[in-house]
Amino acid sequence: MTGAARPYGVRPLRPAPDDARPGPSAIAEAVASLEAAAKHDRDQIVTALDRALRLVGGAAVLVERDDTEGWRPLPGTPSAWITQLESVLPAIPASLENRFVVGDATVLVIEQSQLAVVVLGGPNEADRVLPVMAVARLALQAQRLAETIGEAGAEVEALRHVATRILAARELEEALLSVTHEALRLLAADIAGVLLREGDEIVMRGCAGNRHVETARLRMRRGQGVAGLVFATGRMCKVDDYLRNDVISDDFHHLARAEETRSALGVPLILDGEVIGVLEVWRRRESVFTERETHRLTALADLATIALHNARLYEATKASLREVEVAHHALESQLQKVQHALHLQQELVQALIDGERFAGVVRIVAQQSGADVALLDNDFDVLAVYPRDLDVESLALEARTALRRRRERIGSTAWAPRGDRWLAVREVRAGGDVVGWLCMITNAAPGDESVEVAITQASLTCSLHYLEEQAATRARASLRDELLFSLVQGSTDERRAAVFRAKHINVDLRGSIRVCVCSFGRLEEIGQAEGWSAVHFEQVRRRLLAISENELARTGFLRLIALRGDAVVALMKAVSASELRSLLQCVAQSLAAELPGLRPGWGVSAPRDNPMELAAAYAEAWTATRALGHMSGRSVVVHEELGILGLLLAEPRSIDLSRFVKETIGPLINYDRRHGTTLVDTLRTYLDCDCSQQETATRLFVHQKTVRYRLRQIEKLTGLDLHHHHDRVRADVAVRAADLACRS
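First things first, this report covers the structure right here in the doc. (Residues numbered from 1 in each chain as written. Predicted model: local features only at pLDDT ≥ 70, side-chain atom pairs only at ≥ 80, totals over all residues. Heavy atoms only, no water.)

## A few points about the overall build of the chain
Then comes step 1: In terms of regular secondary structure, the chain is built from 23 helices and 22 strands.
Then comes step 2: Summarising the internal contacts of the chain: among those between residues at least 6 apart in sequence, 58% fall at separations of at least 24.
Then comes step 3: When the accessible surface of the chain is split by element, carbon and sulfur atoms take 52% of a total near 38600 Å². (Helix = DSSP H or I, 4+ residues; strand = E, 2+ residues; numbered from the N terminus. Contact = heavy atoms within 4.5 Å. Areas by Shrake-Rupley, 256 points an atom, 1.4 Å probe, with all protein chains shown as cover.)

## A word on the sheet that holds strand 2 (residues 70-73)
Then comes step 1: Taken in spatial order, the five strands line up as 2-1-5-4-3 in an open sheet, and their pairing is antiparallel. Edge positions in the open sheet fall to strand 2 and strand 3 (100-102), since each of these has one partner strand only. Neighbour to neighbour, the strand axes of the sheet diverge by 30° on average, direction disregarded.
Then comes step 2: The pairing of strand 4 (residues 105-111) with strand 5 (residues 115-120) spans six bridges and is classified as antiparallel. (Pairing = 2+ DSSP bridges. Axes fitted to C-alpha atoms, helices over the stretch in contact; angles between N-to-C directions.)

## Things to note about the pairing of strand 2
Then comes step 1: Direction of pairing for strand 1 (residues 60-66) relative to strand 2: antiparallel, over a ladder of four bridges. Looking across to strand 2, one finds that Asp 66 is bridged to Gly 70.
Then comes step 2: Between the end of strand 1 and the start of strand 2, which pair antiparallel, lie three residues.

## A word on the nonpolar core
Then comes step 1: Grouped together as the largest cluster of nonpolar side chains are 33 residues, with contacts concentrated most on Phe 520, Leu 552, Met 572 and Trp 602.
Then comes step 2: Residue assignment for this core shows that the elements contributing at least two residues are strand 18 (513-521), helix 14 (523-530), helix 15 (534-553), strand 19 (558-564), strand 20 (567-573), helix 16 (577-594), strand 21 (599-604) and strand 22 (636-638).
Then comes step 3: Of the residues forming this core, the biggest block, seven residues, is contributed by helix 16.
Then comes step 4: When neighbours within four sequence positions are excluded, Leu 552 is seen to be in contact with Phe 557, Leu 558, Ile 561, Ala 570, Met 572, Leu 583, Leu 584, Val 587 and Trp 602.
Then comes step 5: Counting 27 residues, the second largest nonpolar core, distinct from the first, contains Val 179, Leu 184, Ala 192 and Leu 269. (Core = buried A, V, L, I, M, F, W, Y, C linked by side-chain atoms within 4.5 Å. Buried < 20%, exposed > 50% of the residue type's maximum accessible area, 1.4 Å probe, protein only.)

## Section: the side chain of Thr 305
Then comes step 1: With respect to the secondary-structure elements, Thr 305 resides in helix 9 (residues 291-353).
Then comes step 2: The class for Thr 305 is buried, based on a relative accessible area of 5%.

## Notes on the packing of aromatic side chains
Then comes step 1: Tallied over the entire structure, the rule returns four aromatic pairs.
Then comes step 2: For the pair Phe 380 and Trp 437, a centre-to-centre distance of 5.8 Å together with 10° between the ring planes defines the contact as stacked. Taken together, the residues span a long stretch of sequence, with Phe 380 in the loop between strand 12 (372-377) and strand 13 (382-386) and Trp 437 in strand 17 (residues 433-442) at a distance of 57 residues.
Then comes step 3: Overall, Phe 380 belongs to the buried group, its relative accessible area being 13%. (Phe/Tyr/Trp six-rings, centres within 6.5 Å; stacked < 30°, edge-to-face > 60°.)

## Concerning the packing of helix 21 (residues 693-700) against helix 22 (residues 704-718)
Then comes step 1: Interaxial distance between helix 21 and helix 22 falls to 8 Å at its minimum, and their mutual angle equals 110°. In terms of their interaxial angle, helix 21 and helix 22 are classed as roughly perpendicular. For the pair helix 21 and helix 22, contact is made by Gln 693, Gln 694, Thr 696, Ala 697 and Leu 700 and by Gln 704, Val 707, Arg 708, Arg 710 and Leu 711, respectively.
Then comes step 2: Along the lines of polarity and charge, the residues of the contact of helix 21 with helix 22 split into four nonpolar, four polar and two charged. (Parallel < 35°, antiparallel > 145°, perpendicular 65-115°, else oblique. Nonpolar A, V, L, I, M, F, W, Y, C, P; charged D, E, K, R; others polar.)

## A look at the packing of helix 20 (residues 679-688) against helix 21
Then comes step 1: Interhelical geometry of helix 20 versus helix 21 gives an angle of 125° and a closest axis separation of 8 Å. Judged by the angle between their axes, helix 20 and helix 21 are oblique. Handedness of the helix 20/helix 21 crossing: right-handed. On helix 21, the residues that touch Asp 681, Thr 682, Thr 685, Tyr 686 and Asp 688 of helix 20 are Gln 693, Thr 696, Arg 699 and Leu 700.
Then comes step 2: For the contact of helix 20 with helix 21, the per-class residue count stands at two nonpolar, four polar and three charged. (Left-handed = near helix turned anticlockwise from the far one by under 90°.)

## Quick look at the side chain of Glu 620
Then comes step 1: Among the secondary structure elements, Glu 620 is positioned in helix 17 (residues 614-627).
Then comes step 2: Setting aside chain neighbours within four positions, we find Glu 620 in contact with Ser 605, Ala 606, Arg 608, His 639 and Arg 659.

## Details of the sheet that holds strand 20
Then comes step 1: The strand order across the open sheet built from five strands is 19-20-18-21-22, with neighbouring strands paired in mixed fashion. Of all the strands in the sheet, just strand 19 and strand 22 have a single pairing partner and so form its edges. Direction aside, the axes of adjacent strands within the sheet are offset by 15° on average.
Then comes step 2: By the bridge criterion, six bridges tie strand 19 to strand 20 in an arrangement that is antiparallel. Note that in strand 20 the partner of Leu 563 across the bridge is Val 568.
Then comes step 3: Along the sheet face, helix 15 touches strand 18, strand 19, strand 20 and strand 21 and points at about 170° away from the line of strand 19.
Then comes step 4: Running over the sheet, helix 17 touches strand 18, strand 19, strand 20, strand 21 and strand 22 and is turned about 40° from strand 18.

## Regarding the environment of Ala 94
Then comes step 1: Relative to the elements of secondary structure, Ala 94 occurs in the loop between helix 3 (79-85) and strand 3.
Then comes step 2: Between the alpha carbons of Ala 94 and Asp 66 there is a distance of 9.4 Å; along the sequence they are 28 residues apart.
Then comes step 3: If we ignore the near neighbours within four places in the chain, the residues touching Ala 94 are Arg 65, Trp 71 and Ser 113.

## Here's the deal with unusual backbone geometry
Then comes step 1: The omega torsion across Tyr 386 and Pro 387 is 0°, close enough to zero to call that bond cis.
Then comes step 2: Despite not being glycine, Phe 701 has its phi angle at roughly 60°, a positive value.
Then comes step 3: In this structure, Phe 701 sits in the loop between helix 21 and helix 22.
Then comes step 4: For Phe 701, a relative accessible area of 79% gives the class exposed.

## With respect to the pattern of salt bridges
Then comes step 1: Under the criterion given, the structure shown has 27 salt bridges.
Then comes step 2: Here Arg 522 ties to Glu 525 by a salt bridge, and the two come within 3.0 Å at their closest N and O atoms.
Then comes step 3: Among the residues examined, Arg 522 registers a relative accessible area of 29% and is labelled partly exposed.
Then comes step 4: Relative accessible area serves as the criterion here: at 46%, Glu 525 is assigned to the partly exposed category. (Salt bridge = Lys/Arg side-chain N within 4 Å of Asp/Glu carboxyl O.)

## Describing the environment of Arg 710
Then comes step 1: Position of Arg 710 relative to the elements: it lies in helix 22.
Then comes step 2: Dropping the residues within four chain positions of it, Arg 710 is found in contact with Thr 678, Leu 679, Thr 682, Leu 700 and Val 702.

## A short note on empty space enclosed by the protein
Then comes step 1: Counting across every chain of the model gives two cavities of 30 Å³ or more.
Then comes step 2: Lining the largest cavity we find Ile 191, Thr 215, Leu 218, Met 220, Tyr 242, Phe 252, Leu 255, Ala 256, Glu 259, Thr 261 and Trp 282.
Then comes step 3: Of the volumes computed, that of the second largest cavity is approximately 50 Å³.
Then comes step 4: Considering the residues around the second largest cavity, the lining is formed by Phe 358, Leu 375, Leu 376, Leu 383, Val 428, Val 435, Gly 436, Cys 462 and Tyr 466. (1 Å grid on protein atoms, 1.4 Å probe; cavity = no way out; pocket = protein on both sides within 12 Å on 5 of 7 lines; lining within 4 Å. Points joined across faces, edges and corners; volume = space filled by probe spheres on them.)

Here it is, written out as structure tokens:
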């Protein structure tokens with residue numbers, strides 16, 4: 001610390017007696033003096049601290065630290081006290097943050113490693129000084145904060161004046177000149193320049209302080225020099241020695257030598273998140289740009305960006321005003337064309353309202369423009385054409401060629417010569433996707449406004465019609481999806497409501513129905529191997545659904561169909577198992593041909609006469625689908641053919657033993673009930689006797705021929721073949737399940 005000598009008094013070496021300790025009034029006076037000094041500079045705070053120490057008493061001496069001499073008493077400390085401190089000061093660390101004890105002396109920090117109090121006389125003396133030191137610390141902090149606020153206020157005021165001058169510029173050149181001169185002044189720089197973006201380069205548009213004309217004509221690519229690096233990264237860049245650094249390229253070292261530049265600082269000009277230029281300053285002297293200077297240039301760059309944008313807007317506004325006058329006359333001449341276009345648009349819309357669809361749009365455009373017109377889908381297949389005898393195959397080929405070569409392109413229309421006429425092709429978009437192509441063979445030359453208007457309006461009309469049909473299709477599909485899954489997965493109330501809704505959207509649920517589920521085996525594996533996106537996955541699933549729906553709908557058996565993850569769920573008329581198997585095998589072959597590597601397989605439920613039972617049928621269809629993995633080479637499995645395997649593969653909550661009993665031995669139970677016979681008991685005994693007719697006859701006390709007769713009746717009523725192990729196992733499980741149901 002520097003400054004004039006201050007009269008710091010001598011402190012007693014011994015603690016003062018209790019009756020000599022300061023009272024509350026002395027401490028309050030000391031605190032008040034420090035509070036008053038906080039409004040001034042640091043020297044006054046130190047002087048007030050010395051006075052406060054006198055008021056509270058104690059053996060305390062203020063010391064400061066010098067970078068070369070270490071800790072030392074402040075100027076004005078009596079020599080008698082310096083002698084007392086000679087053994088204390090050398091032992092104090094250079095960096096001091098907390099209390100430090102040296103013998104009988106205690107060192108208390110006021111400012112870290114800068115200002116401290118040495119108390120000679122032990123801990124009690126130190127404790128007496130602490131309240132004053134706390135206030136002193138607060139006073140110093142308040143004084144530093146006031147300085148910071150004052151400097152910030154001055155900075156803001158300076159930038160306000162700069163902003164006023166820069167933003168007042170109207171013309172672009174005037175704005176550039178103002179920015180460069182303010183940069184020179186605010187950064188104490190020797191050269192300042194504004195480089196603006198032109199394509200993939202930045203070009204010097206305003207320069208001040210340069211000695212060589214080459215500097216004013218600088219043109220940089222990304223990564224070249226300081227400005228090029230800022231342009232490439234969008235971040236501030238500075239170098240302290242332009243010719244010796246490992247930050248920037250050496251593309252402009254020759255110019256730096258000519259201009260004798262030593263250091264440089266560049267910041268980006270950013271508008272709407274995009275770098276539109278760079279503001280850079282250079283100094284010819286050795287210097288280091290401080291953080292404050294960097295913030296100052298960044299603030300200036302923000303102002304420059306606004307000023308340049310405003311100047312460009314101003315120039316654009318003036319140009320627009322000139323163009324308005326020209327446009328006014330052009331608009332008058334275009335009025336008739338607009339009216340014609342409006343008439344055409346009205347006719348096109350009316351055609352859609354009247355239900356003429358794409359064919360009506362193509363016909364009206366052809367008649368109004370005198371051209372041959374065709375509408376192709378995204379695969380260049382013909383959707384509509386006028387006149388009808390137009391060679392659409394050659395037209396589709398020429399349209400592909402025109403789009404690929406794009407020899408002439410006016411706006412969004414591709415043109416190509418076609419003999420002595422021209423072919424114009426324009427895309428039809430819906431929802432951001434290209435859904436088709438509108439082609440016109442016309443005598444007009446490329447860019448003819450009447451052709452452009454006609455083909456544009458036709459394209460828009462086709463887009464609207466496509467979106468309308470797409471929305472209607474999606475709405476119908478969504479409604480049918482919801483209906484189907486309410487039937488097969490909903491609660492009882494939801495199924496009942498779905499049956500009611502089905503009547504109102506022409507979904508026939510009368511008669512016997514089977515639920516069919518097709519699992520797209522290996523679809524996920526194929527998609528991951530091909531790197532499909534989620535969108536492409538969904539497109540593939542929808543295409544597989546469309547193939548399934550088209551083939552099933554042709555049979556007349558389809559009632560409802562929907563997509564569920566990687567599976568198709570369909571409600572089909574309950575035709576015979578063999579007929580349905582043949583049909584579904586063909587569908588599976590079509591799906592496999594569409595996507596090589598796919599292994600589609602169908603699981604089919606047993607027939608249901610009541611649509612309220614379709615949830616159980618849905619569970620059976622999934623059980624049959626799971627059975628595909630256990631039946632190599634089969635693509636269709638019908639649930640009633642599974643037998644006992646159906647119970648083993650079914651989800652636990654979907655197992656219906658009563659239905660299994662009914663399907664397997666239900667005819668026997670009914671026959672016994674109507675005729676008073678014991679066929680079920682005979683079957684049970686036969687199975688218990690390891691299928692021995694003789695043992696069965698013995699247990700039942702009947703002749704063996706009677707047992708043989710009853711077994712033939714059982715096979716006839718149930719369709720079981722008791723000579724086959726599979727049917728015997730199925731019958732055994734059914735009998736045990738029936739017994740279990742009776743006992744419960």
